[in-house]
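# Descriptive analysis of the structure
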Amino acid sequence: MQIIGDLFNILLFVTLVGSMFTMLYLAMGRLVRFALPLWFGICTMAAYLLPLPAPGLYLIPPEAHSWIPQYDIACILWFGGILVFAGYDMIKAVLAHRAVHSYPICDDERINAACRRCAETVCLKKVPCIRFGTLAEPACVAGAVHPVIILNETMIKQLTDEALTIVLCHELTHIRRGHVIWGRIYDFVSVLNWFNPLVWIAGKEFAVNCEVDCDRAALACLKNEVSNTDYACTMLRLLELSAAQTSKRSCGMSALGFILAKKRIELIMRKPSKALKCLVSCALALLLAVVILFSMQMSRGHFYPYPSRQALPEYRSSR
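Summarised in this report is the structure supplied together with it.

### Digging into the overall build of the protein chain
- Helices and strands together make up the secondary structure of the protein chain, namely 13 helices and 3 strands.
- Viewed in the frame of its principal axes, the protein chain has a C-alpha envelope of about 75 × 50 × 40 Å.
- A fraction of 76% describes how many contacts in the protein chain between residues 6 or more apart in sequence connect residues 24 or more apart.
- Here the protein chain displays about 17500 Å² of accessible surface, and carbon together with sulfur accounts for 66% of that area.
- Looking at the protein chain, you have 31 positive and 23 negative side-chain charges, and the mean spots of the two groups are 5 Å apart.

Written out as structure tokens, the structure reads:
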């Protein structure tokens, strides 16, 4: 129980620092009028995983100690929540794995040839397997270790060659830039910090950031073939096909899906200057430094030897 208590003590510190980073992340995302770089979202994720204490402190005290009963109860609830959420994610992963392997492999030569061309365009060495599945959206990537592209056969076969190229380049870019892997890591972070609502909000924001990052990278690869307007028009076409399919089973496309697509199109069409991008990158680096310094300063009163409570002379002299 003492080990669980020590781990929970570290996590409380980490989740506080991560919450601060998340609020800055969300605030900057609303202030600037273009997508934040992906590295800043990854730093937000890392803030929920990596404690940054000041030098000379111990995350786990070397001396024997005990926690108050209320703290022990909180530890049990936290550990129980981890088991519940981890079990839920494992069940979802197993069911998704079975579903993906039950989908038929794509035998359409037009799609397979386009996928091979797009893999060369985005500099992806290994062409992933393509399967036809029952999706609400036109396409997605499944699997972090062995990624597979799942396509909605009905929608995809209604696309022109140019639109098909854009869709496949987008999905292949997800694989090349490791967005699926980053998403799985964020799932792990969310399980550890399940009691903190900000980590779930940060995860949703990071997923949107990955989509925008993928749009930006795919457009860069297709700059000689596809314009920003063509890319945005393809998104609208996919939105139309998705709405037509979902309307047969429900009341139509969700407002959330429309808002996300609208945001992505706005970011695609907007072209900030290089000076503005450089200024925002410097501001983000400054915010990162502030969070690290805040973490190190706060750790002086949180980790062993708890100087703010004990005020040990040897620690005071070292400062």
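### Here's the deal with the layout of surface pockets
- Each pocket or cavity is described by its volume, and for the second largest pocket that value is around 510 Å³.
- Taken together, 20 residues form the lining of the second largest pocket, with R216, L267, R270, P272 and K277 sitting closest to its centre.
- Within the residue set of the lining of the second largest pocket, elements represented by two or more residues are α8 (197-221), α10 (255-269) and α11 (274-299).
- When residues of the lining of the second largest pocket are assigned to their parent elements, the largest contribution, 5 residues, is made by α8.
- In the lining of the second largest pocket, the residues fall into 11 nonpolar, 2 polar and 7 charged.

### Remarks on the packing of helix α1 (residues 2-31) against helix α3 (residues 69-102)
- Between α1 and α3, the least distance of the axes is 10 Å, while the angle of their chain directions is 80°. Considering the angle they form, α1 stands roughly perpendicular to α3. Contact residues: α1 offers I4, G5, L7, F8, N9, L11 and L12, while α3 offers Y71, A74, C75 and W78.

### Things to note about the sheet that holds strand β3 (residues 148-151)
- Across the sheet, 3 strands lie side by side as β1-β3-β2; this open sheet has mixed pairing. Each edge of the open sheet carries a strand with a single partner, namely β1 (129-132) and β2 (139-142). The mean angle between the axes of side-by-side strands here comes to 30°, regardless of whether they run parallel or antiparallel.
- In this structure, β1 lies alongside β3, joined through 4 bridges in parallel fashion. Looking at the pairing, I130 lines up with I149 of β3.

### Considering the pattern of salt bridges
- Scanning the model with the defined rule gives 9 salt bridges in all.
- Residue R116 pairs with E109 through a salt bridge whose shortest N-O separation is 2.8 Å.
- Relative accessible area serves as the criterion here: at 49%, E109 is assigned to the partly exposed category.
- For K157, the salt bridge is made with E153, and the minimal N-O distance between the two is 2.8 Å.
- Judged by relative accessible area, E153 falls into the partly exposed class, the value being 32%.

### A short note on the environment of W194
- Within the secondary structure, W194 is located in the loop between α7 (179-192) and α8.
- Expressed as a C-alpha distance, the spacing of W194 and G81, which sit 113 residues apart in the sequence, is 7.2 Å.
- In contact with W194, other than residues within four places in its own chain, are L77, W78, G81, I82, F85 and W200.

### With respect to a nonpolar patch on the surface
- A cluster of nonpolar side chains, namely I3, L7 and I60, defines an oily patch on the protein surface of about 290 Å² accessible area.
- Structurally, the position occupied by I3 is in helix α1.

### A word on the pairing of β2
- With 4 bridges joining them, β2 and β3 adopt antiparallel strand pairing. Bridge pairing in β3 links A142 to V148.
- Joining the antiparallel neighbours β2 and β3 is a turn of 5 residues, in which G143 adopts a positive phi near 95°.

### Description of the side chain of T165
- Along the chain, the position of T165 falls in helix α6 (residues 161-176).
- On the accessibility criterion, T165 (14% relative accessible area) is buried.
- In terms of polar contacts, T165 uses its side chain to reach the backbone carbonyl oxygen of D161, at 2.9 Å.
- Sequence-distant contacts of T165, that is, excluding residues within four places in its chain, are made with C118 and L222.

### Overview of unusual backbone geometry
- One non-glycine residue, C123, lies in the positive phi region at around 65°.
- For C123, the position within the fold is in the loop between α4 (109-121) and β1.

### As for the nonpolar core
- Ranked by internal contacts, the top residues of the largest apolar core, which has 37 residues, are I111, L151, L172 and Y231.
- Ranked by residues supplied to this core, first place goes to α6 with 8 residues.
- In contact with Y231, not counting residues within four places along its chain, are I166, H170, D215, A218, L219, V226 and I268.
- Of all hydrophobic cores here, the second largest spans 19 residues; its members include V14, F21, A54 and L284.

So, how was this worked out
- Residues numbered from 1 in each chain as written.
- Predicted model: local features only at pLDDT ≥ 70, side-chain atom pairs only at ≥ 80, totals over all residues.
- Heavy atoms only, no water.
- Helix = DSSP H or I, 4+ residues; strand = E, 2+ residues; numbered from the N terminus.
- Contact = heavy atoms within 4.5 Å.
- Areas by Shrake-Rupley, 256 points an atom, 1.4 Å probe, with all protein chains shown as cover.
- Lys, Arg positive; Asp, Glu negative; His and termini not counted.
- Charge placed at Lys NZ, Arg CZ, Asp CG, Glu CD.
- 1 Å grid on protein atoms, 1.4 Å probe; cavity = no way out; pocket = protein on both sides within 12 Å on 5 of 7 lines; lining within 4 Å.
- Points joined across faces, edges and corners; volume = space filled by probe spheres on them.
- Nonpolar A, V, L, I, M, F, W, Y, C, P; charged D, E, K, R; others polar.
- Axes fitted to C-alpha atoms, helices over the stretch in contact; angles between N-to-C directions.
- Parallel < 35°, antiparallel > 145°, perpendicular 65-115°, else oblique.
- Pairing = 2+ DSSP bridges.
- Salt bridge = Lys/Arg side-chain N within 4 Å of Asp/Glu carboxyl O.
- Buried < 20%, exposed > 50% of the residue type's maximum accessible area, 1.4 Å probe, protein only.
- Patch = residues over 30% accessible without salt bridge, like charges linked within 9 Å, V, L, I, M, F, W, Y side chains within 5 Å.
- Polar contact = N/O pair within 3.5 Å; in protein donor to acceptor, adjacent residues only side chain to side chain.
- Core = buried A, V, L, I, M, F, W, Y, C linked by side-chain atoms within 4.5 Å.

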